[in-house]
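In case you want the letters, here they are:
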Amino acid sequence: MKGFKEISCFLVTAAFLTCSAGAARAQGGDQILDGIGETGMIARYVFDGDLKDWSRNSLHGKLAAGQPSFVQDEQFGKVLSLAGGQTDYLLLPPEALVDLESLSITGWVNLRADKKDQYFFDFGQSASKHFFAAPLGSASQAGYRAVVAADQNRIYSAVAPAVSINKWVHLTIVIDIPSKAIQTYIDGKQVAEAKNASLELADVFGQSGAKRQLFIGKSLTAGMPTLKGLLHDFRIYRVPLTRKQIAGIYYNSLKDLHEDTAHMGKTEDDLPTFPMTKAQLYNAYLQEVADVSVETNVGELPRLPSYVQGSYRDGMVGPKVRVIWPSPTDNNEVLSAGRYTVVGRVPGTDLKPKAIVTVRGSSKSATPISKLASFQLDQVSLDSDMHDHDTKFIENRDKFVLTLAKTDPNSFLYMFRHAFGQPQPQGASPLGVWDSQDTKLRGHATGHYLTAIAQAYASTGYDKTLQANFAQKMEYMVNTLFELSQLAGKPQQAGGAAVADPTAVPFGPGKTAYDSDLSQEGIRNDYWNWGEGFISAYPPDQFIMLEQGAKYGGQKNQVWAPYYTLHKILAGLIDIYEVSGNKKALDVATGMGDWVYARLSKVPTENLIKMWNTYIAGEFGGMNESMARLYAITKEENYLKTAQLFDNIKMFYGDADHSHGLAKNVDTFRGLHANQHIPQIVGSMEMYRVSNNPDYYKVADNFWYKAVNDYMYSIGGVAGARNPANAECFISQPATLYENGFSAGGQNETCATYNMLKLTSNLFLFDQRTELMDYYERGLYNHILASVAKDSPANTYHVPLRPGAIKQFGNPHMTGFTCCNGTAIESSTKLQNAIYFKSRDNKALYVNLYIPSTLDWAERGVSVKQTTDFPKADETRLTIKGNGKFDVHVRVPAWATKGFAVTINGKVQQVAAVPGSYLKISRKWKDGDVIDLKMPFQFHLDPVMDQPNIASLFYGPILLAAQEPEARKDWRKVTFDAQDIGKAIQGDPAKLEFSIDNVVFKPFYDTYGRHSVYLDVTLK
Ligand SMILES: [Zn+2]
């Protein structure tokens, strides 16, 4: 097949780029402009005929009054012309300045008047708290001035000679918070710098939601003149652009090229470096590392242990040694039976541990069946702690549940009604951010919302009024979506024309192609032509365009992940069906499931492979999971077939011949977008559940092991690459977090951890490996719990872990959602869902997490109450109500290395509890039986795998963050006693507040200011 050959050739090229450590470009598309990942960009205004934001954030500008004027320019084509009149300046949405790490502004200006006080831009709260650039200076001071003012005592100016007039100049102004510097550039070259600028951007722009104004072409001070001149390509970045990046932007726009390799590559190499020859941390005491023997089956790469026994000098007892093994991109080493040796390395040492791999002739390995089940949300309730204080879990739950209760469902239905051309109820207002009218992802928040209100409904049995509120919301949402879906593909009036067949959807009326135009003038509303069953917050075009090869981007011929959005909607509908039995919810989901099957079953496999590997455009969330769930509910074979059509063949199986891939333990996800792919793996588990095809299990299990061992930050997040230059991506090579991770734009996209936890608990239901729930605990306490603002349900996108970083929280009122704002309303409405599991035969209970809670094990007529102050105490009590013989499996965490004591009804039990295992307690339980568990916490370090001196400090399961007084560039240095790191630490375990060298350390989940989660540790 010629066509196929061409496609696979393309894929091979793409894979090569993805896997090559030097390439900054992981996948094609607009997401990497001038070598800078799109997550670093807030907005871009090209000004070639409109004032629209070219980025995905839809932060469109507008003229203060009247219509903008564009003129033809020799150099840049159509450009914006500001005439210098009173109202000739632009306003940008105030939301543009949220979630800032630092701030950089770039743009082209051609000044047409030799007059001072012409402002390129002025952003701030007032004329005394603002950030501006005046290219010709002000009345009081000449020159090209860039000024940041937080208050009277903190005014920092970078001043350079004034720019030339009547010619295009490229201006860049950078506020680099960690470096405490303000830099200005002209035509890609630095011209001035202000140093020692000690400030926070929140001091200048206010907290999220504060009153702030963003002007282009005018000062915030009333009565000042406006700018007279031409403008082109104005950009706002949330990161401090580097010299090289700024030069790249400048040269590329002259060449009219999006990418120029001469100015690309690793653009963010500003992390402190350490000599690679120096053994760090425990490795400095290391004498030897044992070799290991591993077995595998023909075709499957072995799972090599990440941690291996080592021996240390001077009788020191050190931890197991992190070994970095090679990670092949295919399975050539294991294609026949036999024995071979893999040589690993230990960073900073010459030690070369060996793994002797025996390849067995059999090509089959067994996969487990599901022995456990989770409890329904309404069977587990969160309790307060032993001092009757709300736990962090209750606090976060209440922030979300109470705010959700106040939301107006009509906001979440707005764009659905808009797509179907239906009137809006009085007072209905649309959501913003990624659900605003022009945004091609609109409707995604609605899907998350459906899931959140379903979970909130199931979880609020403790408050019947709240529960009724959510019941009402579910009913209203489903009724409206049902009515809209019933319109699709049916005549508008009896006897009218309609297109019922999803594969026969014509172009929009008067159009000559499918397009993703959602503007008031451009959107199509001919729902009768959309095929029966269709539901979305936009017309069907994006789905069809994706089949035809459309890429991700903001143009009319581009799309933004239609199946991602659809997954959220289907998942939400199924969740509502499952908690409330609402049949209409199921009908809407199956109707759209039929629509998807009708279309995708006609798409050739090679085209599907191409679609699902298109960056972001082909991101489909967990469509495979939702379709598999629909199959499990209805037993309708077509849904299973549809789910299979979402197999990411390249990642799961390497290629169309299923040569290798994750199913054979080959790491095929390096350098890829993390949250595009993790939900596909969650879906793979659901496929295993409904199909019993062992490959699906292996895909998920192999992925999990690699993600957690080779890509994980200490909080449990797995995304955040600076190579490729995209904070949302996995690093370009496994186990190189320091070399290729710690992106300046942030790390640890929160939605990715939401999905990792979902995957983890699903895997545990099949395989009760303790490391799974150890990871769950880590991610739950140190990322999910840590991702919520102090006094509102505002939450994080990235959680940055560079020195002195700070969390940024968004969406306090649930009015504008990113992906992570979407998963946040899901996470915090189901915080109790993994505390307990049970065996399917109801003969065993698993206690996974130590959180005050009550379990209603209705199937056995037993309830279990867990009372504890954990993690402010290292013990917990389980009180059993009811009688019966069953096994209680309690988790002995891997961090519980100082012992694990079990007492039953006051009697100490002789148990052999091994850290990192589950301990089985079998007994005929009687009403009132009490199990006490004690697991002393200790301080321990979690080093970065390829730079072990950079490590996080944990106390038991709790990550401790240094509370930083201000931003910083270098890692905080700490020295510990090699034999006992706790020696240098003072503090109160009951408050989880400690100090080292007079610096306060608190749980990361209780940290809201600047923090250092990673330290530069020396052992003595
Ligand atoms: Zn996200």
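Residues numbered from 1 in each chain as written. Predicted model: local features only at pLDDT ≥ 70, side-chain atom pairs only at ≥ 80, totals over all residues. Heavy atoms only, no water.

Draft legend 1. Quick peek at the overall build of the protein chain. In terms of regular secondary structure, the protein chain is built from 20 helices and 47 strands. Taking 31 Å as the expected radius of gyration for a compact globule of 1020 residues, we find that the protein chain reaches 29 Å, a close match to that expectation. In terms of principal-axis extent, the alpha carbons of the protein chain reach across some 90 × 80 × 60 Å. Distance between charge centroids for the protein chain: 2 Å, based on 103 positive and 106 negative side chains. (Helix = DSSP H or I, 4+ residues; strand = E, 2+ residues; numbered from the N terminus. Rg over C-alpha atoms; globule rule 2.2 N^0.38 Å. Lys, Arg positive; Asp, Glu negative; His and termini not counted. Charge placed at Lys NZ, Arg CZ, Asp CG, Glu CD.)

Draft legend 2. Main features of the coordination of the zinc ion. Distances from the zinc ion to its protein donors, namely E749 (OE), C751 (SG), C819 (SG) and C820 (SG), fall within the range 2.1 to 2.3 Å. Between the four donor atoms coordinating the zinc ion, the angles at the centre fall across 87 to 123°, so the site counts as tetrahedral. On the primary sequence, the residues serving as donors to the zinc ion are separated as E-x1-C-x67-C-C. Residue C751 is located in helix α18 (residues 750-766), and its partner C819 is located in helix α20 (residues 819-827); the two are separated by 68 residues in the primary sequence. Side by side, C751 and C819 carry an identical accessibility label, which is buried. (Donors = N, O, S within 2.8 Å, 3.2 Å for Na, K, Ca; no water. Tetrahedral: all angles 85-135°; square planar, octahedral: opposite > 155°, others 65-115°. Buried < 20%, exposed > 50% of the residue type's maximum accessible area, 1.4 Å probe, protein only.)

Draft legend 3. The arrangement of the confidence of the model for the protein chain in detail. Mean pLDDT over the protein chain works out to 92, with 95% of the residues at or above the 70 mark. Note that pLDDT drops below 50 for residues 1-29; the model gives that stretch 42 contacts with residues more than four away or on any other chain. Confidence drops under pLDDT 50 across residues 257-266; counting only partners more than four residues distant or on other chains, this segment forms 26 contacts. (pLDDT = per-residue confidence, 0-100. Contact = heavy atoms within 4.5 Å.)

Draft legend 4. Local environment of the sheet that holds strand β26 (residues 380-382). One open sheet holds the seven strands; their spatial order is β26-β31-β32-β33-β38-β35-β36, and the pairing between them is antiparallel. Looking at the sheet topology across the chains shown, the edges are occupied by β26 and β36 (907-908). (Pairing = 2+ DSSP bridges.)

Draft legend 5. Here's a closer look at the side chain of Q118. Positionally, Q118 belongs in the loop between β8 (103-111) and β9 (121-126). A polar atom in the side chain of Q118 sits 2.7 Å from the backbone oxygen of A113. A polar side-chain atom of Q118 sits 2.8 Å from the main-chain amide nitrogen of K228. Residue contacts for Q118: discarding those within four places in its chain leaves L111, A113, A133, A134, P135, L136, G137, T226, L227 and K228. (Polar contact = N/O pair within 3.5 Å; in protein donor to acceptor, adjacent residues only side chain to side chain.)

Draft legend 6. Local environment of the packing of aromatic side chains. Taken as a whole and assessed by the stated rule, the structure comprises 68 aromatic pairs. Seen in terms of ring centroids, F375 and W857 are 6.2 Å apart; in terms of plane orientation they differ by 85°. Their pairing is edge-to-face. With F375 in the loop between β25 (372-374) and β26 and W857 in strand β31 (residues 853-857), the pair connects residues that are 482 residues apart, well separated along the chain. Residues F375 and W857 agree in their burial class; the two are buried. Here the aromatic cluster, defined as three or more aromatic residues joined through ring pairs, consists of F420, Y527, W528, W530, F534, Y538, F543, Y563, W595, W612, F620 and F646. Across from the ring centre of Y1008, 5.7 Å away, lies the NZ or CZ of K807, which sits over that ring. The ring of W857 carries R860 above its face, with NZ or CZ at 5.7 Å from the centroid. (Phe/Tyr/Trp six-rings, centres within 6.5 Å; stacked < 30°, edge-to-face > 60°. Lys NZ or Arg CZ within 6 Å of the ring centre and 35° of its normal.)

Draft legend 7. How the structure looks around the environment of K115. Within the secondary structure layout, K115 lies in the loop between β8 and β9. Separated by 112 residues in sequence, K115 and L227 place their C-alpha atoms 8.8 Å apart. In this structure K115 touches L136 and P225, once residues within four positions along its chain are discounted.

Draft legend 8. Fine view of the pairing of strand β39 (residues 939-944). Where β39 meets strand β40 (residues 947-955), six bridges bridge the pair, whose relative direction is antiparallel. Each bridged residue has a counterpart across the sheet, and for F939 the counterpart in β40 is Y955.

Draft legend 9. Focus on the nonpolar core. Counting 251 residues, the largest nonpolar core has Y563 and L953 as its most contacted members. Y563 has contacts with F543, L546, V596, L600, W612, E619, F620, M623 and F646, leaving out every residue within four places of it along the chain. Counting 53 residues, the second largest nonpolar core, distinct from the first, contains I105, V109, L199 and I216. (Core = buried A, V, L, I, M, F, W, Y, C linked by side-chain atoms within 4.5 Å.)

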